[in-house]
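What follows is the residue order along each chain.
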2 protein chains.
Amino acid sequence: MNVSPAAERLRYILNEDDDMPTPTLFTEMDTLQREGGELEWKESARWVKFEEKVEEGGERWSKPHVSTLSLHSLFELRTCLQTGTVLLDLEGYSLPQIIEEGMISPELRDKISFVLLRKHRHQTKKPIHRSLADIGKSTSSSSECPAIGNDYSRSMNDIADSPSSDQLRNKFMKKIPRDAEASNVLVGEVDFLSKPFVAFVRLAQATTLGGLTEVPVPTRFLFILLGPHGKAKSYNEIGRAIATLMVDDLFSDVAYKARDREDLIAGIDEFLDEVIVLPPGEWDPKIRIEPPKKVPTADKRKSVFSLNELGQGNGAAGGGGGQSEDEEMPFCGGLYLDIKRKLPWVPSDIYEGFHLQSISAVLFIYLGCITNAITFGGLLGDATDNYQGVMESFLGTALAGSVFCLFSGQPLIILSSTGPILIFEKLLFEFSKSNGIDYMELRLWIGMHSCLQCFILVATDASFIIKYMTRFTEEGFSSLISFIFISDAIKKMVGSFKYYPINTDFKPDYVTTYKCECLAPDLSEFTPWLRRSQSNVTGLDWSQLSKKECLKYGGSLVGNTCKFVPDLALISFILFFGTYSMTVSLKKFKSSRYFPTKLRKLISDFSIFMSIMTFVGLDMLLGLKTPKLIVPTEFKPTRPGRGWLVMPFGKNPWWVYVASSVPALLVTILIFMDQQISAVIVNRKENKLKKGCGYHLDLFWVGVLMAVCSFLGLPWYVAATVISIAHIDSLKMESESSAPGEQPQFLGVREQRMTGILVFALTGVSIFLAPVLKYIPMPVLYGVFLYMGVASLSGIQFWDRIKLYMMPSKHQPDFPYLRHVPLRKVHLFTLVQIACLAVLWTLKSTFLAIIFPVMILGLMVVRKMLDMVFSQHDLAWIDDLLPGKDKKKKKDDDKKKGKEKKKPKLDDSEEEVRNSSFCCPPQ
Amino acid sequence: MNVSPAAERLRYILNEDDDMPTPTLFTEMDTLQREGGELEWKESARWVKFEEKVEEGGERWSKPHVSTLSLHSLFELRTCLQTGTVLLDLEGYSLPQIIEEGMISPELRDKISFVLLRKHRHQTKKPIHRSLADIGKSTSSSSECPAIGNDYSRSMNDIADSPSSDQLRNKFMKKIPRDAEASNVLVGEVDFLSKPFVAFVRLAQATTLGGLTEVPVPTRFLFILLGPHGKAKSYNEIGRAIATLMVDDLFSDVAYKARDREDLIAGIDEFLDEVIVLPPGEWDPKIRIEPPKKVPTADKRKSVFSLNELGQGNGAAGGGGGQSEDEEMPFCGGLYLDIKRKLPWVPSDIYEGFHLQSISAVLFIYLGCITNAITFGGLLGDATDNYQGVMESFLGTALAGSVFCLFSGQPLIILSSTGPILIFEKLLFEFSKSNGIDYMELRLWIGMHSCLQCFILVATDASFIIKYMTRFTEEGFSSLISFIFISDAIKKMVGSFKYYPINTDFKPDYVTTYKCECLAPDLSEFTPWLRRSQSNVTGLDWSQLSKKECLKYGGSLVGNTCKFVPDLALISFILFFGTYSMTVSLKKFKSSRYFPTKLRKLISDFSIFMSIMTFVGLDMLLGLKTPKLIVPTEFKPTRPGRGWLVMPFGKNPWWVYVASSVPALLVTILIFMDQQISAVIVNRKENKLKKGCGYHLDLFWVGVLMAVCSFLGLPWYVAATVISIAHIDSLKMESESSAPGEQPQFLGVREQRMTGILVFALTGVSIFLAPVLKYIPMPVLYGVFLYMGVASLSGIQFWDRIKLYMMPSKHQPDFPYLRHVPLRKVHLFTLVQIACLAVLWTLKSTFLAIIFPVMILGLMVVRKMLDMVFSQHDLAWIDDLLPGKDKKKKKDDDKKKGKEKKKPKLDDSEEEVRNSSFCCPPQ
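Residues numbered from 1 in each chain as written. Chains lettered and ligands numbered in written order. Predicted model: local features only at pLDDT ≥ 70, side-chain atom pairs only at ≥ 80, totals over all residues. Heavy atoms only, no water.

- Looking at an unreviewed UniProt entry, one finds chain A named Anion exchange protein and attributed to Gasterosteus aculeatus aculeatus.
- The heading Sequence similarities (unreviewed entry) in the UniProt record of chain A holds the text "Belongs to the anion exchanger (TC 2.A.31) family." (UniProt positions renumbered as here; feature names shortened; annotations may be inferred.)

Next comes the structure, spelled out in structure tokens:
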């Protein structure tokens, strides 16, 4: 690159004091106007980063927008600076002083001073208030007549050197950085000038020049443009041009460090060189351009002018800091490193939990957890003849969950019973029963063996396998789990139509013909034994018995309504679908225009809670007997015969203790895969977690809890994907935007242990909450489940790619991978993923469901084979590269002089969109 | 304005052949690339109006976007044109010829020719297809080896002078205007040049240069930039710059008419002068800017250079064509003018109806009409003791509607019974009954008087009053009608909860205790007469009777289920809400990304039909006895005693014939107001109606139909606001966008008579459609009504302003009036409107409802009073000005040298957003 003289100048001055950052500039532009025969400066626009214009008629600020300038005005500004007065590092503590000292045209000085010292009217002041106040003042203070002397002193008074109360009261101040200084642009038409008067003033010290600026920010720069009548529009545009320049990161640096006029002009030239030009035929200049989501930092532009340019430039282009993480670590001590990494965060893990958002997260996840506990508890009870039931499920969830949240490496993970474990328990129970082996003791030994095996996996750093879990595997797994969630929720809903059948033939007019009667059994047909047992009910009034009683006492139900239940199925559907769609709508409410941002955020955060409350309320209002959430109210094992502790010896032969290590191996693999994949999903780079992960520590505690739960006869627990994602989603943080127009950025997740602990503490005391919980209808909770499933699908690239099938290519969103990978390859990749999921879904429905998490290994194998079908370039964009290939590719690239590699490197913004799956490398 | 030399040049050349418009240019940019050791030109971008880039990796076209250029490349281009070869009006019929003739550097000519004649690869050709085709070809035709001779001839062959089949097959052709010519930009790096070679060629005749362009469009311009290696990015940017210039309306004019190099450079200078500049710190150049909704026409820019600039400029700034319509017309002959205006449109009124969209409109409006006919028919039947019932309602709707649609001034208006008429009939019937006057005869006389009065109103051009109906009145009225629609729909829905009460205490377990039995009356208690009448039923099996029969025969219903109906209320709610929300979702589907645009439009157009079908299907599937749409199946008057014709004389004393003119006056005012306000709403400027309105003609036919309906004893009909709006909404047309990236524009409404006629013809034959219609549940139709009400509210400024109350000012949309009127004034205006509506709503619920349309006069008075509270400037933005004030203001403005007036005049785009309410002035 050949260096222009302007660049040479900039390079010199920008390197002068490289260590001292220049303050942020707030720019205000005031124009001279005649209001009721009196001249005054009226604020017409301001810039923190983007432009806000005063809407004259509307008496309001416009929305912040990108300043669109005309090229003409920039060139005129350049000429202005070339010919006008430039005063750098002027000493002056008040506006009169500056004017006296600085202005070099003595014959015009008085007139210009007079104009410059006119009162400043800012947009904050309501015109009506002001005129009323003025009327009041005019009697006590100086008169309102336009005599020069009077006005001058009044204006002098107005332009004081301490901030006025109006300034201090201005709420806009909080949008301006603390260290900010002001630059004031003053443009106007006057009648005493024949050619424009231009002055660019930099003060030696930033000084509060009274009411000059709308906020109490000291002024550092002044740009004055006064000219003859007739070109107001042109002056205005020049004023906007310099104002935009002053808030430009690079030009403001130049302005602070400029030694002379030429430096400033070099700054304009550099600005012009970087400017983006829109053709007049393709854009309407009247459209206000919304600020972009992200603005490139000026550092790149600045780096061109830094002296050690070459060295730094190469460094940046080479391997970033991120690459170093990929280094091979010794395969041991992962647990130690995990603990070392997590220990410093312990205090913040506690205090960062105290936030309003946590409340909504706790309520949401709590409801999810207890619904899950009840569902799985019920199923486990059926499967194990109540050896483990709802009570055990609650206790186990509370115990395992809270211990894990207290000590684990990733406390955002929520533990829960999962499908594969349930199937394992079922098979195990049947096996024990048919072989006369004590189930609880066998289970204890399996748990102990499994715990031991987990420890071995931890000690050998076996979690390295997750390196091979690319987006393909990870998204495949989480989509599948989400689909299962959704299909379960819908199945349960459909089930209520079976449980409460609707009498579709009901004719309102024939209400008289509908009945269901309990008929006494014809005792004569029964055996004497039966007759004896029934003898105590012969005295019953059969017609008064309820359905259950009737069947219990051997009666038979006769009638055309017996098998129908009115209204319950339909109201269940309304509750289910209502909860789901209200939650979705309220979540979306955040991006609506109504109500202040904070309130909207609150509504969005508490959307699930509000939906649940609404439909619980509706259900109570109607008073229908919908199925409700019933939690156990007494603290005792579900099966009367068992105690709270399982003894390891005495009931089974000795060889069972040893042989149980074989099924334990299956459980271990099962738990390992389930746990680690969920952990990978939680630790996704997209979530911007700051406290790092702890795969080894997590697994360690899962192992410990295995053993503990086995001793207590409680179910086994492992990370639950969908609920963990919901947990993270409900704890997401966004930046409060600072400069007007800047978009809020996703900052990360509120990483702490408090929400998890609270959720499981609440689960533990649910026994006492039963009187409250019994008002919650189950369909409402199924609606919440449906929402969880759907929400965890959103933001998954796989899901986005499925949607692409239904979009004509010209309507497809501008995903980065679509720019770089042919659509048919993207479709092929998606198709492979869909096929894999279809196979998994089918297997899941068979007895193979028990090895379901193991099948994820199959996904990883498929992914490995894809390396043969797709180019590494394509895979790098759609998926992530496998670790081995990555290195190989790196070497290839180095050989090929990095042509291919350079492209993604240059596209910083795109690079960031492609997220790798690890928050931290498994050591 | 001082004229620069560049402008002087442009002014000269652009005025040369002002009468001949230049063709549209399609620009294609090809870059030189080495593919497998062979050089070839690869298409990298194209422009019809906006830029479409080839996504290299993605092998696809990017979305059309605004070309963002760097200032640097524009200046480099300027230099290129200053120093490079410029050949204007070159004769040449093939690329080799042009090269031979044109290129002036003989030593490089061969090498450059060789490069330029390389094969062109366009994005339409899939690389895989091509290479396969090539493999096939290579055996039969020339070899693939890179020998120069061979390649040259092969390329020569490729660059033929007739369009290739690939070109002809290209579907993109339909996006390019028919008269278009091509400009080809060729940029590339070569190794034999030490400094760039630049050529700008304009051919004397546009010529098809074989495979040069991807579409069979003849080439007129060629821009060639070849240069040494290492600056590909810079060449690319220069290529993009000239390509963008070539599609600029003004520069392409210059390019066509340029006499020499200097003219072209003047064109660039003009372009640079108009360019819009984005500061580098506020915008990321990587963001592709979506094409704006509307682009300013180049005419304004061009007009600066036209010779008769001053004359034209003043003319445009003065009064536009729209103003002339405001001239005072003589207050007579309005009917004649209406007919004169509508007559030429009669043929198009017929043939424009043949469109797919019409089908959906007919189905939608038909269902709305018959639901309305049934509802009002039922109510009228109750009110008039079945003198007018559902049958009369159907017949009247069909008759009045079809006659009106055939002959009226505005066939988009749908006639229907309205609330005020219903109340009038009710009061009239009660009056006749209590005073022994024959109702039908009295009604006939009122109808005749009213018809006469309508004729008088038509003859005196009384419709001038609608001039005073500003947005305030119009939107107030239509909002009120919409609210009534919405509240009626909801009321009917809530009604079904009363009609089918839910047994909320139902306990499924106690199903045995629920029954409802018909008990025979205790005959001994009755009088002998009753006993006699009952005697024939004593033999009945009471327990087998239905509810109705039981009550009919005097039995009593005993039991706890008698007053409850299961499921029907809830399923009604599901059908109602489902229809509404599915329609809303499907309507929104038009703006989704899924499926091709045409299919989406179809789905959106038929959204109501699809929703109805879906929920009718659901209802049939469930088979519940929901209330269905029952239309009369026999053609006979509802009340057995009456015939189809009412005789004017004989039943009432003579004075009644005269006195009936007094109530007729009320009816006339009622009809006049209702009819004309609805017509004003239909004729809104927003709807962009092209065939003009016909207030007088409309009123004439309403009058005629009054008389006819009175003779036949049918209800009276008048324009129905909400259904008419729905009719218009379902007939809206949008432009099929031509250039890629151009937004579809709202073109207007499919104005024709066919849909209306069909709707009412269908209504007439509904008797025969009864077997189909009986499957439609009423709740589904109430859902349609709810949708109609809500949809007619959207797009109403009043409604937008109500929403503003709930938005913090910084989130408010950028409505033009908010820029010019202080928010508190906007809020005050809205508040006045809300207060007016609240008063009207309250009155509507009392007996005053009969004079409801007359109360609209009250709205107009309130609006008149607002002139005292608000400034004319504010009212001009929020509302429209009243005609008198408008003129006055005009005079004021003229006095004030039009300062205030000039502002809105300059803002063309904003001006258009402010719509006045008339499509044409009432003469």
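Once the structure has been displayed, the description carries forward.
Structural notes on the relation of the copies chain A and chain B
In step 1: Under the fitted operation, chain A is carried onto chain B by 0.0 Å of movement along the axis and a turn of 180°, and the coordinates agree to an RMSD of 0.2 Å. Considering both components of the superposition, the chain copies are consistent with a two-fold axis. (Least-squares fit on C-alpha atoms with pLDDT ≥ 70 in both.)

Observations concerning helix α14 (residues 334–342) of chain B
All names here are of chain B.
In step 1: Within α14, the full set of buried residues consists of G334, D338 and K342. For α14, the angular spread of the buried residues around the axis is 65°, confining them to a single face.
In step 2: Summarising the contacts, the buried residues of α14 are in contact with α15 (346–351) and α28 (695–712). (Buried < 20%, exposed > 50% of the residue type's maximum accessible area, 1.4 Å probe, protein only. Helix = DSSP H or I, 4+ residues; strand = E, 2+ residues; numbered from the N terminus. Arc of directions from axis to C-beta. Contact = heavy atoms within 4.5 Å.)

Things to note about the interface of chain A and chain B
In step 1: Listed per partner, the contact involves 111 residues of chain A and 113 residues of chain B.
In step 2: The contact between chain A and chain B buries some 9700 Å² in all, and 60% of this surface belongs to carbon and sulfur atoms.
In step 3: Seen at the junction of chain A and chain B, the total is two salt bridges.
In step 4: Note that E55(A) is salt-bridged to R819(B), the shortest N-O span being 3.9 Å.
In step 5: Taken together, the links from chain A to chain B amount to 25 residue pairs in polar contact (both at pLDDT 80 or more).
In step 6: With five residues, the top contributor of residues to the side of chain A that touches chain B is helix α23 (residues 568–588) of chain A. (Buried area = accessible area lost by both parts, 1.4 Å probe. Salt bridge = Lys/Arg side-chain N within 4 Å of Asp/Glu carboxyl O. Polar contact = N/O pair within 3.5 Å; in protein donor to acceptor, adjacent residues only side chain to side chain.)

Topic: the state of the cysteines
In step 1: Under the definition given, this model contains four disulfides over all chains.
In step 2: Put simply, C518(A) and C550(A) are joined by a disulfide, and their sulfur atoms are 1.9 Å apart. The sign of the S-S torsion, about 95°, decides the handedness of the disulfide formed by C518(A) and C550(A): right-handed. Within this pair, whereas C518(A) is found in strand β13 (residues 516–519), its partner C550(A) is found in helix α22 (residues 547–552), the two being separated by 32 residues in sequence. Across this residue pair, the class does not change: C518(A) and C550(A) are buried.
In step 3: Paired through a disulfide, C516(B) and C562(B) show a sulfur-sulfur distance of 1.9 Å. (Disulfide = S-S within 2.5 Å.)

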